[in-house]
Amino acid sequence: MVKGPGFYLKQLGKMFLHGIYLPHIYKRYCRNSNVNYNKVIFADAHTGRLTSNMYAVYKRLKADGYDIKNMCVDFSTLSMGQLFRYLRTFMKEYSTARYVFISSYFLPVSSCEKRKETKVIELWHAGGMLKKMGYDAKDDIPKYYKGNPTKNFDLVTVSADFCVSAYEQAFRLPKGVAVATGIARTDLYFDKNFNKKNIDRFYQQYPGAIGKKICVYAPSFSGNAARPVTVGFTDELLDMFSRHSDEWFFITKLHPNMEKHYPEFISDIHTEELFAPSDLLITDYSSILFDYMLYSKPFILYAPDISEYNKDRGFYIDISTLPAPVVKNVPDLERLLLSDGWKRDPEDIKKCAAIYMKKCDGHAVDRIIEVMGIEE
């Protein structure tokens, strides 16, 4: 796609904002203030609510009496004036915060030389290691961007020791910043009450699923957040789902960036809340497959564009080594569903989870708290 002058003007504006304006604001607020050792900020630029990883940590710190500021917002919904007001407010709060939790790129935290007393914890949203990211991916961090979006990270939470080196490389992190604490949200997967509640809620909301096999279709997307694309999400696929609705109950959970374009598929049940009632997951390159492994249930990798995707973005691992069939078209996917070819030995899934999700054992939040010394 050819980018016009408007695109480059917008990028120049971003660089001015993050390279000059925000550092100036931060320094100004730091001059006459001290760090509040009881203040904790949760911040995000893509959603107005706490992410599942954030919420897991938030509950613990709230119960311990910390002064918590929820500064999650969807930048795409703000006018220019609202965005500048938000950024000024964030930098003011940031200048006196002890801990700042984020769960994806959040450029304001890395726009300045932060105080040493302030700790930034990146509760990265993905477990395992699959598709390339950060500096390893062609378009994650544009070449024209002159800053370092990860320079102020003090901790990046990772799902297993096996994954640490990939995160160090992708984010250009010093040794010791990426730590295998486990992923905060996965603690809930080991809570029997959480799983029972999700099963009961699912059947209350979808009584038509009773007596059927439950399949969750949860693909990722390619392209950028403004123009997301899911290659496998087609009418042909939806027609196939419809043909087998007597035996299967299919529920489609698109990435939030895709939901904006397909509001008919929006559900108030979060993807992780579908794991307990489901029998099968179909995805492509979404890291949600690693979360799903913790339930020792089978999954299918439906990836029509896998060859192109591998060439364009690439993977950290050989995707065919995962304990799941890889299919490229709807007829092959349909044959799998009809023949029970989708089933896998739960022990094989457990062995794979032990590699990529080893520290996701129900105690990830405990480790995050311990590593950061939050309850000293």
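Here goes a summary of the coordinates provided. Please read all numbers here as calculations on a predicted model, not as lab measurements.

What counts and how
- Residues numbered from 1 in each chain as written.
- Predicted model: local features only at pLDDT ≥ 70, side-chain atom pairs only at ≥ 80, totals over all residues.
- Heavy atoms only, no water.
- Patch = residues over 30% accessible without salt bridge, like charges linked within 9 Å, V, L, I, M, F, W, Y side chains within 5 Å.
- Areas by Shrake-Rupley, 256 points an atom, 1.4 Å probe, with all protein chains shown as cover.
- Salt bridge = Lys/Arg side-chain N within 4 Å of Asp/Glu carboxyl O.
- Lys, Arg positive; Asp, Glu negative; His and termini not counted.
- Charge placed at Lys NZ, Arg CZ, Asp CG, Glu CD.
- Helix = DSSP H or I, 4+ residues; strand = E, 2+ residues; numbered from the N terminus.
- Buried < 20%, exposed > 50% of the residue type's maximum accessible area, 1.4 Å probe, protein only.
- Pairing = 2+ DSSP bridges.
- Axes fitted to C-alpha atoms, helices over the stretch in contact; angles between N-to-C directions.
- Contact = heavy atoms within 4.5 Å.
- Parallel < 35°, antiparallel > 145°, perpendicular 65-115°, else oblique.
- Left-handed = near helix turned anticlockwise from the far one by under 90°.
- Right-handed = clockwise from strand over helix to strand, strands pointing away.
- Nonpolar A, V, L, I, M, F, W, Y, C, P; charged D, E, K, R; others polar.
- Arc of directions from axis to C-beta.
- Polar contact = N/O pair within 3.5 Å; in protein donor to acceptor, adjacent residues only side chain to side chain.

1. A word on a positive patch on the surface
- A contiguous patch of positive charge on the surface is contributed by Lys27, Arg28, Arg31, Arg85 and Arg88.
- Elements supplying a minimum of two residues to the positive patch: α1 (5–31) and α3 (80–94).
- Ranked by residues supplied to the positive patch, first place goes to α1 with three residues.
- For Arg88, the location among the structural elements is in helix α3.

2. Focus on the pattern of salt bridges
- The full count for this structure, using the stated rule, is 18 salt bridges.
- Residue Asp291 is joined to Arg185 by a salt bridge in which the shortest nitrogen-to-oxygen separation is 2.7 Å. On the criterion of sequence distance, the pair formed by Asp291 in helix α8 (residues 288–293) and Arg185 in the loop between β6 (178–180) and α5 (192–205) is long-range, its members being 106 residues apart. Accessibility classification places Asp291 together with Arg185 in one group, the buried group.
- Note that Asp332 and Arg335 form a salt bridge whose closest N and O atoms lie 2.2 Å from each other. With a gap of three residues between them, Asp332 and Arg335 both fall in helix α10 (residues 330–339), about one helical turn apart.

3. Some words on the sheet that holds strand β1 (residues 36–44)
- Taken in spatial order, the six strands make up an open sheet running β2-β1-β3-β4-β5-β6, and their pairing is parallel. At either margin of the open sheet sits one strand with a lone partner, and together these are β2 (67–72) and β6. In this sheet, neighbouring strand axes are inclined to one another by 25° on average, regardless of whether the strands run parallel or antiparallel.
- The sheet strands contacting α3 are β1, β2, β3 (97–102) and β4 (119–122), and the helix crosses β1 at an angle near 150°.

4. Looking at the side chain of Thr118
- Inspection of the secondary structure assignment puts Thr118 in the loop between β3 and β4.
- Looking at Thr118, the relative accessible area reads 0%, which means it is buried.
- With near-sequence residues (within four places) excluded, Thr118 lies in contact with Val35, Tyr94, Ala97, Arg98, Val100 and Asp154.

5. A closer look at unusual backbone geometry
- A positive phi is found at Arg172, a non-glycine position, where the angle reads about 50°.
- With respect to the secondary-structure elements, Arg172 resides in the loop between α4 (164–171) and β6.
- One non-glycine residue with positive phi stands out, namely Asp340, at about 65°.
- Within the element layout of this structure, Asp340 appears in the loop between α10 and α11 (346–356).

6. Some words on the packing of helix α6 (residues 235–243) against α10
- At a minimum axis distance of 10 Å, the contact between α6 and α10 shows a crossing angle of 20°. Taken together, the axis directions place α6 and α10 in an arrangement best described as roughly parallel. Relative to α10, the crossing made by α6 is right-handed. On α10, the residues touching Glu236, Leu237, Met240 and Arg243 of α6 are Val330, Pro331, Leu333, Glu334 and Leu337.

7. Thoughts on the pairing of β2
- Bridge count for β1 against β2 is six bridges, and the pairing is parallel. Residue pairing across strands places Ala43 opposite Met71, the latter belonging to β2.
- A crossover links β1 with its parallel partner β2, the connecting element being helix α2 (residues 52–63), and its sense is right-handed.

8. Re the packing of α2 against helix α12 (residues 364–372)
- For the pair α2 and α12, the least separation of the axes is 10 Å and the interaxial angle reads 65°. In this structure, α2 crosses over α12, and the sense of that crossing is right-handed. Between α2 and α12, the contacting residues are Ala56, Arg60 and Leu61 on the first element and Val365, Asp366 and Ile369 on the second.
- Grouping the amino acids of the contact of α2 with α12 by side-chain chemistry returns four nonpolar, no polar and two charged.

9. Regarding the pairing of strand β8 (residues 248–252)
- Burial analysis of β8 places five of its five residues in the buried class, the great majority of the element.
- Where burial is concerned, the two faces of β8 agree: the one with Trp248, Phe250 and Thr252 and the one with Phe249 and Ile251 are both buried.
- The pairing of strand β7 (residues 213–217) with β8 spans five bridges and is parallel. By the bridge assignment for β8, Lys213 is matched with Trp248.

10. A short note on α10
- Taken as a whole, α10 has its buried residues at Val330, Leu333, Glu334, Leu336 and Leu337. Down the axis of α10, the buried side of the element spans an arc of 155°, and every buried residue falls inside it. Turned more than 90 degrees from where α10 packs its buried face, Leu338 and Ser339 sit exposed.
- Where α10 is buried, its residues touch α6, β8, β9 (280–283), β10 (299–302) and β11 (326–327).
- In this structure Asn329 caps α10, since a side-chain oxygen of it lies 2.8 Å from the backbone nitrogen of Asp332.

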